[in-house]
Amino acid sequence: MGKVMAIANQKGGVGKTTTTVNLAAALGASGKRTLLIDVDPQGNSTSGVGVDRRRIKSTVYEMLIDHVPAAQTILGTEFENLYIMPSSMDLAGAELELVQQEEREETLKKAILPVKDKFDYMLIDCPPSLGMITTNALTAADTILVPIQCEYYALEGLSQLMNTVRRVKRQYNAHLELEGVLLTMYDGRLNLTQQVVEEVKKYFPKKVLATVIPRSVRLSEAPSFGMPVTYFDKNNRGAVAYRQLAEEILSHEV
């Protein structure tokens, strides 16, 4: 059975989609068959791996609402061992539609169960909110990875996120664990960065990952070419950092 990891933070602009795309690509390049599940209505993970929206017949929306089998929504990408379950704007309305379903919090978990044994890793790119879609992702996940940007309001809203994680663990998914906290947009030259790192480490003792993701123009440019950074510019320090992150995540399984 594949490991399911939700990448979540209800705060926008923290590097959540960047992390999902580039970690998935790095895991794939390391030989792990990886599925990226895009449940963010903005669909940035979908376009970030070069998927032409005109190719898409069924998305996560059809899987959740119309009960289209998961296997029918999965597309291959041009990147090694990397597959995508694409998003669509229709997901923006799925929050309301899911409310009417029985066991609505477990819809995603049940939907992906038939394909779990086909992948080593399944990474879920969550929307920047704590609604029904994110609850579904956390209910389906084995672990949650929380990206936090090294900026002034880094810890803002995190208590709300962790309350949601505790609620999901208590009510729907007793096995949910924190994979780790990932520091993004890191610039070691700034005093503010060091202050944020210290704060985050106090808030999450022993759960801050050793890998940090630096600020990088190439990381920002890669999505507009529909490529993970490790394929766009493999020697870029952002690409190196995401390969190191993949190695760190893989070391957790040993």
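A short tour of the structure in this document, coming up.

A closer look at the nonpolar core
Here comes step 1: With 50 residues, the main nonpolar core has I37, M63, M85, L108, I112, I124 and F204 as its most contacted residues.
Here comes step 2: When residues no more than four places from it in sequence are discounted, the contact partners of M63 are V68, A70, T73, M85, L108, A111 and I112.
Here comes step 3: One finds L75, L145, F232 and A246 within the second-largest nonpolar core, a separate group that totals 32 residues.

Points about the layout of surface pockets
Here comes step 1: Estimated volume of the largest pocket: approximately 530 Å³.
Here comes step 2: As for the largest pocket, its lining consists of 30 residues, and the residues nearest its centre are G15, K16, T17, T18 and M185.
Here comes step 3: Looking at the lining of the largest pocket, the elements with two or more residues in it are α1 (16–29), α2 (44–48), β7 (177–186), β8 (208–214) and α9 (217–221).
Here comes step 4: With 6 residues, α1 is the largest single contributor of residues to the lining of the largest pocket.
Here comes step 5: Across the lining of the largest pocket, the residue classes break down as 13 nonpolar, 13 polar and 4 charged.
Here comes step 6: Within this model, the second largest pocket holds a volume of roughly 150 Å³.

A closer look at a nonpolar patch on the surface
Here comes step 1: Together, Y152, Y153, L190 and L192 make up an exposed nonpolar region whose accessible area comes to about 440 Å².
Here comes step 2: Examined against the element boundaries, Y152 turns out to sit in the loop between β6 (143–149) and α7 (158–171).
Here comes step 3: The class for Y152 is exposed, based on a relative accessible area of 61%.

Considerations on the packing of aromatic side chains
Here comes step 1: Across all of its chains, the model carries 5 aromatic pairs by this definition.
Here comes step 2: With a centroid separation of 4.8 Å and 45° between ring planes, the pair formed by F79 and Y231 is classed as tilted. Note that F79 is positioned in the loop between β3 (75–76) and β4 (82–85) and Y231 in helix α10 (residues 229–232), a separation of 152 residues in sequence.
Here comes step 3: On the basis of relative accessibility, which here comes to 28%, the residue Y231 falls in the partly exposed class.
Here comes step 4: A cation over a ring is seen here: R33 above F119, with NZ or CZ 5.2 Å from the ring centre.

A closer look at helix α6 (residues 132–140)
Here comes step 1: Among the 9 residues in α6, 9 count as buried, and that is most of the element.
Here comes step 2: Within the span of α6, buried status applies to M132, I133, T134, T135, N136, A137, L138, T139 and A140.

Quick look at the packing of α6 against α7
Here comes step 1: Where α6 contacts α7, the axes come no closer than 10 Å and their chain directions differ by 55°. One element, α6, and the other, α7, form an angle in the oblique class. Handedness of the α6/α7 crossing: right-handed. Along its contact with α6, which presents T135, L138 and T139, the element α7 presents T164, V165, R167 and V168.
Here comes step 2: For the contact of α6 with α7, the class distribution of residues is 3 nonpolar, 3 polar and 1 charged.

Quick notes on α1
Here comes step 1: Its 14 residues place the ends of α1 20 Å apart at the C-alpha level, agreeing with the 20 Å of an ideal helix rising 1.5 Å per residue.
Here comes step 2: Burial analysis of α1 places 12 of its 14 residues in the buried class, which makes it a mostly covered element.
Here comes step 3: Among the residues of α1, those classed as buried are K16, T17, T19, T20, V21, N22, L23, A24, A25, A26, L27 and G28.
Here comes step 4: Positive backbone phi, at 100°, marks G31, one or two positions downstream of α1.

A look at the packing of α1 against helix α11 (residues 237–251)
Here comes step 1: Following both chains from N to C, one finds α1 and α11 inclined at 70°, their axes separated by 8 Å at the closest point. If you check the angle between α1 and α11, you find them roughly perpendicular. Between α1 and α11, the contacting residues are T18, T19, N22, L23, A26 and L27 on the first element and Y242, R243, L245, A246, I249 and L250 on the second.
Here comes step 2: Classifying every residue of the contact of α1 with α11 by side-chain character gives 8 nonpolar, 3 polar and 1 charged.

Some words on the side chain of Q149
Here comes step 1: Turning to its location among the elements, Q149 is positioned in strand β6.
Here comes step 2: Residue classification places Q149 among the buried positions, given a relative accessible area of 4%.
Here comes step 3: When neighbours within four sequence positions are excluded, Q149 is seen to be in contact with K11, V14, A154, T184, M185 and V196.

Rules behind the numbers
Residues numbered from 1 in each chain as written. Predicted model: local features only at pLDDT ≥ 70, side-chain atom pairs only at ≥ 80, totals over all residues. Heavy atoms only, no water. Core = buried A, V, L, I, M, F, W, Y, C linked by side-chain atoms within 4.5 Å. Buried < 20%, exposed > 50% of the residue type's maximum accessible area, 1.4 Å probe, protein only. Contact = heavy atoms within 4.5 Å. 1 Å grid on protein atoms, 1.4 Å probe; cavity = no way out; pocket = protein on both sides within 12 Å on 5 of 7 lines; lining within 4 Å. Points joined across faces, edges and corners; volume = space filled by probe spheres on them. Helix = DSSP H or I, 4+ residues; strand = E, 2+ residues; numbered from the N terminus. Nonpolar A, V, L, I, M, F, W, Y, C, P; charged D, E, K, R; others polar. Patch = residues over 30% accessible without salt bridge, like charges linked within 9 Å, V, L, I, M, F, W, Y side chains within 5 Å. Areas by Shrake-Rupley, 256 points an atom, 1.4 Å probe, with all protein chains shown as cover. Salt bridge = Lys/Arg side-chain N within 4 Å of Asp/Glu carboxyl O. Phe/Tyr/Trp six-rings, centres within 6.5 Å; stacked < 30°, edge-to-face > 60°. Lys NZ or Arg CZ within 6 Å of the ring centre and 35° of its normal. Axes fitted to C-alpha atoms, helices over the stretch in contact; angles between N-to-C directions. Parallel < 35°, antiparallel > 145°, perpendicular 65-115°, else oblique. Left-handed = near helix turned anticlockwise from the far one by under 90°. Expected span 1.5 Å × (residues − 1).

Read these as spatial facts, not as claims about activity.
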